[in-house]
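Structural description and commentary
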Amino acid sequence: MARSVETVSPSVIIAAVGLGLVVAVPFLFIVLQAIFPELGRGSLTAPFSAFAGALGDAKLIGMTGNTLLLGVLVVVLSALIAIPLAVARALFRVPGAIVWDVLFLIPFMIPPYIAVLGWIMTLQPRGYLEQLAGFNLTGFLFSVPGIVFIMTLNSFPVVYFAVSRTLETVGSRYADVARVFGASPMRAFWRVTLPLSTPGLAASLLLVFAMAIEEYGTPAALGSRAGFDVLVTAIDLRVSDWPIDLPGAAILSLVLVALSFGAFMLQRWVLSRRSYEATTGKPQGTAKRDLGPWKWPVLLTFGLVAFVATGLPLLAILAGALSRTISGGLVWSNLGPDNFAAILGDTTGALRALGTSLSLGVAAALVTGLLGALSAYAVVKSRARGRGVLDVLTILPNALPGIVVAVGLILAWNQPWLPVTPYNTALILLLAYCCILLPQPVRYATAAFHQIGDNLEAAARVFGASPLTAFRRILLPLIAPSLLAAMLLVFAVATRELVASVVVAPVGVSTISTYIWRQFEQGSVGLGMAMAFLTILITTALPLIVLSLMGRRGSLL
Amino acid sequence: MRGEWNSEQAISAQNLTLSYSGIQILRGIDVALPAGQTLALLGPSGCGKTTLLRLVAGLLAPTTGDISINGQMVAGPGVFVPPEKRQLGMVFQDYALWPHLTVAGNVAFPLEMAGIGRAEREARVTAALDRVGLGAMAARSPAALSGGQQQRVAIARAIVGEPRIVLFDEPLSNLDRELRETMVAELGALIRGLGLTAIYVTHDQSEALTLADQVAVMEAGQIAQLATPEHLVEQPASPKVAEFLRLGAILRLVRDAQGWSCAGRALGPLGGPEVALADVLVTPRALRVTEIGQAALTGEVLAAQFRDTGYTVTVRLDGAAEPGRAIRTVQISSDTRMRTGERIGLQILPERLRWFPARADVPM
């Protein structure tokens, strides 16, 4: 062991404190609450007494089964839609390829709870579909297939981008070599390209699974009418409706974390075992083949998917936002900018909500950017003792669904013995967003630090820079482009985050998402739609513009 | 400045060890380097030479032992001076130029850290870049330079702060051979011209022998021999050192009543120590080509490489192969070209052999 005369770098200490506050505290309190049901009264009596009741509950098994079923169905449907598109995109010359990429990125950027509102407007009785075509699909919408369908539209881009990128890289690098050594195009695909692409495909499917079991908006909006309860909605019910059942919520949260953690670890294992996509630079488009007679059927498929996933919900939301009254229907006389005027006039608190969310988004981006950079530094570059613990704390949020973070924050900061607490202030929302979104900056900064040779920092130290000066002058500027991209993503997602906002937002504080959600519950659908449209503009356009300026379109997946 | 520091050791290390997760990387290192001298750390990769350099730089802390720079202890029991307080210059194997700064920005960094004002900084950066012949490149990005130019920038950065001690970590190993030979000469002139004390890590014995006043040959975390270049070549301390310096072939000889023999072929009385078993270093200068009929050693020409001074000929010796050694070959120099596969005889010049008594327990 090296003698511990080297002092621990201040950046490592800041990272440790920040990770403890943002990640460890909420998670710890969920575990404590699950074990000690009387924790809320400051008592540690009757440990484990709530487990038997909760875990033996037939409803819990049913909800866990529903959660798994939902995850698996979304994965299967996403794969069915995305893989053929990705193969066509990667191996053949599809006209307008870049345009299709952008169109498929948009549904990933639209939060599913907003898309689902557009779908309700379209498919419900007397909805847009009925007004235009004379029939409605309400039965389909408020059913398990409907939930799966709408969630798939949000998550298939993950598979599409992962698979098409891997196939492109593998196809141009390794399949060409197989061709040189005598394989026909088909044989090269089956023997080389496909096996090499499997890890990328498996990892993206696991990510879709994790997204699906954490999703709140879609099951909450559609599932209750279908009698379809999943873990997320059940946890929400236990913390927000009488009778409040905190031990039950904590135990359900642990079950959900276990599922999510399993999916995440499996994904990491798949990628660490065999991953070939990161090894090369730019994929070469020159080796692609012509579609021939398949050109028009393929284009039609791309167009159909893009319209259903992107065009239709956006049009429905825009139509709702521009309708003076929803009952007035799709006629010219009913259209007008009244809802946008109401929002900009702030008669309904919309501007306050917008301001709250935008400032929280900026704050979350700054905090997670700084904390993510320092944590990644501590894990990748420092030799500080205990960095294994920091590594675990940076990975843990990947397996913490938003609802679980919210429950953990309530449990931690609503303890009666606390002298000061961020609970019931907007600060609790900031803590929630930071915990949920920390994995993004950590991932980007970790990748960037791995690219930086150790000697760049060593050289700065030898030439007279203290640890903090070396971090600020050398390391931070070098990771800045990656970190900036991650912070933009944090901003975009935090400004529209739904589930934690619904659960922990203090009385009188509304965010963009709680505003939209409440307008819909109160029947002011038009206002909600107008707000949703503005949100999509802000949170989709901004990151897209900046990322395309930086030339890394699609790489945020 | 050189005379001022000659009286004491610029760098010294006593009983230095470093272990990492239970693995001993350095064991019992003792080094003392007078001011104004150059010490080369020479050894194969993984021998611990770069680790030793990083200990001196303060990028690692030793497990036991202590290091002093100019008489002040910088690492030892309860003492650790961080790298930024040791006032060293350093040149890295991968250059370690900061890609987000210009050439001038890289070179100015040490001065900036020392709090030197802008005007003086600019003058000294220009002077340092001129010294390495890159004055015109100041505004460029390091990425736009060739490998050799990048290393010159790294050298300018190492000397701009006028440190008394500069550490070189395999500075030329990423360059091609021709450039390496030019740069060795330039570096030697620079080190002498500035009166620097230098530690120079390399795996290339010709670099070490050219540049250094003292060479430490390292092997498995220890210093196998610390000596001047002349002493090292004349009197290598062990067969391993001789082999690493590529001084010649090591042959194992057995003594009986008639004298020495090698792999069953009698070589006659060659002198040598009074032991039953010995390793002997056979340099090209210790062999002479003779008639095949009367030669003690015979062999077959494996390869002949032309150099401007003649041919370097590799010969495979006849005789039973020794266990553990694939082929026994020796090298000789020759003025005439020899064909591959030609059989020749070799005569040993006993006075040019160097003997290493082998331990008796080692089987042949």
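Here the residue index of a chain counts from 1 through its sequence in written order. The lettering of chains begins at A and the numbering of ligands begins at 1, in the order of writing. Per-residue local features of the predicted model are confined to residues with pLDDT of at least 70, and side-chain atom pairs are confined, for both listing and counting, to 80 or more; whole-chain, interface and lining totals are unaffected and use all residues. Neither water nor hydrogens contribute to the side-chain values; these are computed over all heavy atoms in the structure.

The strands making up a sheet are joined through hydrogen bonds of the backbone, oriented either antiparallel or parallel. Residues and elements named next belong to chain B. Pairing is antiparallel across the open sheet formed by five strands, whose spatial order is β16-β20-β17-β18-β19. Whereas interior strands pair on both sides, the edge strands pair on one side only; in this sheet they are β16 (287-290) and β19 (329-334). Pairwise comparison of adjacent strand axes, ignoring direction, gives a mean angle of 45 degrees for this sheet. Direction of pairing for strand β17 (residues 297-307) relative to strand β20 (residues 343-348): antiparallel, over a ladder of four bridges. Across the sheet, residue E300 finds its bridge partner in β20, namely R343. Between any two strands, at least two bridges found by DSSP are needed for them to pair. Strands are runs of DSSP state E lasting at least 2 residues, helices are runs of H or I lasting at least 4, and numbering of each runs from the N terminus. To define axes, lines are fitted to C-alpha atoms, for helices over the stretch in contact only, and angles between the resulting N-to-C directions are given on a 0 to 180 degree scale.

Once that is clear, we can look at the UniProt feature "domain: ABC transmembrane type-1" (unreviewed entry) in chain A. Following the UniProt record, one finds the feature "domain: ABC transmembrane type-1" (unreviewed entry) at residues 64-267 and 354-546 of chain A. Helix makes up 77% of residues 354-546 of chain A and strand makes up 0%, while its end C-alpha atoms are separated by 21 Å. UniProt positions are given in the numbering used here, feature names are shortened, and annotations may be inferred rather than shown by experiment.

The next point concerns the pattern of salt bridges. Should a side-chain nitrogen of Lys or Arg be within 4 Å of a carboxyl oxygen of Asp or Glu, the pair is scored as a salt bridge. Taken as a whole and judged by the stated rule, the model has 18 salt bridges over all chains. Across the salt bridge formed by D338(A) and R324(A), the nearest N and O atoms sit 3.2 Å from each other. Highlighted residues: D338(A) in helix α14 (residues 338-344) and R324(A) in the loop between α13 (295-322) and α14, separated in sequence by 14 residues. For R180(B), the salt bridge is made with D204(B), and the minimal N-O distance between the two is 4.0 Å. With a gap of 24 residues between them, R180(B) in helix α6 (residues 177-194) and D204(B) in the loop between β9 (197-202) and α7 (205-211) connect regions that are remote in the sequence. Bridged by salt links that share partners, the residues R89(A), D101(A) and E168(A) form one connected network.

Per the UniProt record, the feature "domain: ABC transporter" (unreviewed entry) sits at residues 11-245 of chain B. Annotation note: span residues 11-245 of chain B, helix share 36%, strand share 28%, distance between end C-alpha atoms 25 Å.

This part is about the domain arrangement of chain B. Residues and elements named next belong to chain B. Here chain B is described as being made up of domain 1 (2-241) and domain 2 (248-356). Relative placement of domain 1 and domain 2: their C-alpha centres are 39 Å apart. Every residue pair with non-hydrogen atoms within 4.5 Å of one another is taken to be in contact. Across the contact, six residues belong to domain 1 and five residues belong to domain 2. Both faces considered, domain 1 and domain 2 share a buried interface measuring about 390 Å² in area, 68% of it formed by carbon and sulfur atoms. Throughout, the accessible surface (probe 1.4 Å) given up by two parts as they are put together, summed over both, is called the buried area. Ranking the residues of domain 1 by area buried against domain 2 places Q235, P236 and P239 at the top, with a combined share of 83%. Counting across the domain 1 and domain 2 interface gives zero salt bridges. Just so you know, the domain bounds were taken from an automatic or database domain assignment.

This part is about the packing of aromatic side chains. The pairing test for Phe, Tyr and Trp rings, Trp by its six-membered ring, is centres within 6.5 Å, and the orientation test on the planes gives stacked under 30 degrees, edge-to-face over 60, and tilted for anything in between. Applying the stated criterion to the full structure yields 17 aromatic pairs over all chains. With centroids separated by 4.9 Å and ring planes inclined at 85 degrees, the aromatic side chains of F104(A) and Y160(A) adopt a geometry described as edge-to-face. Here F104(A), found in helix α4 (residues 97-109), pairs with Y160(A), found in helix α8 (residues 144-180); they are 56 residues apart in sequence, far enough to count as distant. Here's how the labels work: a residue is buried when its accessible area is under 20% of the maximum for its type, exposed when over 50%, partly exposed in between, all with a 1.4 Å probe on protein chains only. On the basis of relative accessibility, which here comes to 0%, the residue Y160(A) falls in the buried class. Relative to F149(A), the ring of W119(A) has its centre 5.4 Å away and its plane inclined at 80 degrees; by these criteria the two rings are edge-to-face. In this pair, W119(A) sits in helix α5 (residues 112-123) while F149(A) sits in helix α8, placing the two residues 30 residues apart along the sequence. A relative accessible area of 23% places F149(A) in the partly exposed class. Over a ring means this: the NZ of a Lys or the CZ of an Arg is within 6 Å of the ring centre and within 35 degrees of the ring normal. The side chain of R225(A) reaches across the aromatic face of F142(A), ending 3.7 Å from its centre. Here the basic side chain of R86(B) rests over the ring of F80(B), its NZ or CZ set 5.2 Å away from the ring centre.

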